[in-house]
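One-letter residues, chain by chain:
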Amino acid sequence: EYDEAINNFSECLEIRKRSLGYDHEDVAETLYSMGFALHNHGEQEEALDCLDDALQVRRQRFGNDHELVGDCLNIMGFIESKKGEHEVALELLDEALEIRQQNGDTLKAADTLKNIGNIHKDRKEYVAAIDCYDDCLRARKRELGLNDERVADAQLALGNVYSEMGENEEALHCFSEALKIRRIVFGGLDDRVAACLQTMGIIEFRAGNMERGREHLEDFVRIRKNNHTDESADYVNVLFIIGNIHKIQGHDIDAKRAWAEAYDIFNAIGLQDENPQIAKVLTKLLSKKDKHGDGASDSKKSVFGRLKSNFTNEKVIKPTKKQPMKDVSGSSSSTRLVIE
C-alpha cells in the first residue's frame, strides 16, 4: 500500500508540474503530502527533500510569513529532531513558531512549542522544556477548554519531564490531570486511560508507595483484560511489578499468581526466544520457595531491568515478529507521538 501511495504521489506530481508549472501551490501541496508519507514510512532524508522543495515554492509564491510556510518548517523541524539534529531542528521550529504566533494560529503555535519542548527534554534542558510545555498547555486550555485530549497530551509531556527530574509529586499531579481528562473524553475503560494508570503506578512503585502503585497497576490490568489487549510486553511487565509488590508486602501466594500469569503471556506471545534471560528469571521466581526470594530484592527494578516511567517510553522489551507490541499509549508524540 505504501509503495502504491508513493507511486500515485509521484505520478500526480509529474502531471501537475507539466500542466501547472514547478512553482504552483498544487505542486507544493503534492510535495508536502509526499514528504509526510515518506516520513511515516521512515524515509526521513527523502521526506526532507520533498518538504524543502515544497517550502521553496511556498516562500516564492506566498512570502516568508505565510501559514503554509510555517507548516513546512514545523514538520521539517520535527523530522530533524527525530534524526537527532537538534540545532537544525530548533532553527526550523523557532521560525515556524514565529510565523504561527504572528498569524494568530494559537493551536498550531502550541504544537510547535510542544516540538521545541521535546528537543529541550531530549537534551535534558528541563527548565526550558517545562517553559515550552507550560506555554503549550495554557494555549490549548484557552482554545480547547479543559477537557480535550490535546490538553491531556500537554499534561503528559510535563509529567514526563518532572518524572525524569525525579520530581514525583509534580509528575503524578500532571499524570492525574491527564487521567481525569481521558476518563471524560474516552470513558473509564479506554486503553489510553490504562496507559496513564500504568505510568502512575510505576512512579508510585519507584517512590516506594507500594499500595498506591499496586492499585494503579491493578486498574491497568483490569482495563486491558476487559479490552482483550493483555497480550503485550508492557502488560507482562506490569504483572511482574504487581508480583514484586505482593512479595515485598509478604503476600507470597499473590506474588506467584501474578508472576505465573506474566510467565504464561510471556511465552504465549513468543517473547521467550528473544529474551531467554527474562524467561530464566520468571522460571526461577516461580520455583522459589524461599520467602525472601529475588522478587523483593530491588523495588526499583522490573523483570525487564531498571524501571521506565516516562509516558512515551512505557514499553520496556522489544516485540517479536510473531507478536508486535501493541501501542496503546495514545500519546500524541510518539510516539505516537505521533505527533504534530
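Above this note sits the structure.
Residues numbered from 1 in each chain as written. Predicted model: local features only at pLDDT ≥ 70, side-chain atom pairs only at ≥ 80, totals over all residues. Heavy atoms only, no water.

(A) Seen up close, the pattern of salt bridges. Evaluated as defined, the whole model comprises 25 salt bridges. Between Asp153 and Lys114 there is a salt bridge, and its shortest N-O distance comes to 3.0 Å. Taken together, the positions of Asp153 in helix H8 (residues 149–164) and Lys114 in helix H6 (residues 106–122) put the pair 39 residues apart, joining distant regions of the chain. Considered together, Asp153 and Lys114 belong to a single accessibility category, that of buried residues. With a closest N to O distance of 2.6 Å, Asp254 and Arg257 form a salt bridge. Here Arg257 and Asp254 lie together in helix H13 (residues 252–268), a separation of three residues that amounts to about one turn. (Salt bridge = Lys/Arg side-chain N within 4 Å of Asp/Glu carboxyl O. Helix = DSSP H or I, 4+ residues; strand = E, 2+ residues; numbered from the N terminus. Buried < 20%, exposed > 50% of the residue type's maximum accessible area, 1.4 Å probe, protein only.)

(B) Main features of the packing of H13 against helix H14 (residues 276–287). Put simply, H13 and H14 touch, their axes get as near as 10 Å, and they point 145° apart. H14 is crossed by H13, and the crossing has left-handed handedness. From H13, Lys256, Trp259, Ala260, Tyr263 and Phe266 reach across to H14, where they touch Ile278, Ala279, Leu282, Thr283, Leu285, Leu286 and Ser287. (Axes fitted to C-alpha atoms, helices over the stretch in contact; angles between N-to-C directions. Left-handed = near helix turned anticlockwise from the far one by under 90°. Contact = heavy atoms within 4.5 Å.)

(C) Layout of the environment of His39. Mapping His39 onto the fold places it in helix H2 (residues 25–40). A C-alpha to C-alpha distance of 9.8 Å links His39 and Met76, two positions 37 residues apart in sequence. If we ignore the near neighbours within four places in the chain, the residues touching His39 are Gln44, Ala47, Ile75, Phe78 and Ile79.

(D) Examining the environment of Ile119 more closely. Secondary-structure assignment places Ile119 in helix H6. Separated by 29 residues in the primary sequence, Ile119 and Leu90 have C-alpha atoms spaced 7.8 Å apart. Residues within four places of Ile119 in sequence aside, it is in contact with Ser81, His86, Ala89, Leu90 and Leu93.

(E) Geometry of the packing of helix H12 (residues 233–248) against H13. Taken N-terminus to C-terminus, the directions of H12 and H13 make an angle of 165°; their axes are 7 Å apart at the nearest point. For the element pair H12 / H13, the angle class is roughly antiparallel. Handedness of the crossing formed by H12 with H13: left-handed. In this structure, H12 uses Tyr235, Val236, Leu239, Phe240, Ile242, Gly243, Asn244, His246 and Lys247 to contact H13, whose residues at the interface are Asp252, Asp254, Ala255, Ala258, Trp259, Glu261, Ala262, Ile265 and Phe266. Residues that form the contact of H12 with H13 fall into these classes: 11 nonpolar, three polar and four charged. (Parallel < 35°, antiparallel > 145°, perpendicular 65-115°, else oblique. Nonpolar A, V, L, I, M, F, W, Y, C, P; charged D, E, K, R; others polar.)

(F) The arrangement of the nonpolar core in detail. Core analysis: the largest hydrophobic core is formed by 66 residues, its most contacted members being Leu158, Leu217, Phe220, Val221 and Phe266. Sorting elements by how many residues they give to this core places H12 first, with nine residues. When neighbours within four sequence positions are excluded, Phe220 is seen to be in contact with Ala194, Leu197, Gln198, Asp234, Tyr235 and Val238. (Core = buried A, V, L, I, M, F, W, Y, C linked by side-chain atoms within 4.5 Å.)

(G) Geometry of helix H11 (residues 210–226). Between its terminal C-alpha atoms H11 stretches 24 Å, which fits the 24 Å expected from 17 residues at 1.5 Å a residue. Those residues of H11 lying buried are Met210, Gly213, Arg214, His216, Leu217, Phe220, Val221, Ile223 and Arg224. Phi turns positive, to about 60°, at His228, one or two residues after H11. (Expected span 1.5 Å × (residues − 1).)

(H) Focus on H8. Over its 16 residues, H8 extends 23 Å from the first C-alpha to the last, a length consistent with the 22 Å expected when each residue adds 1.5 Å. Of all the 16 residues making up H8, 14 are buried; the element is thus mostly covered by neighbouring parts of the structure. Put simply, Asp148 is the residue that caps the front of H8, since its side-chain oxygen is 2.8 Å from the backbone nitrogen of Arg150. Positive backbone phi, at 80°, marks Gly166, one or two positions downstream of H8. (Polar contact = N/O pair within 3.5 Å; in protein donor to acceptor, adjacent residues only side chain to side chain.)

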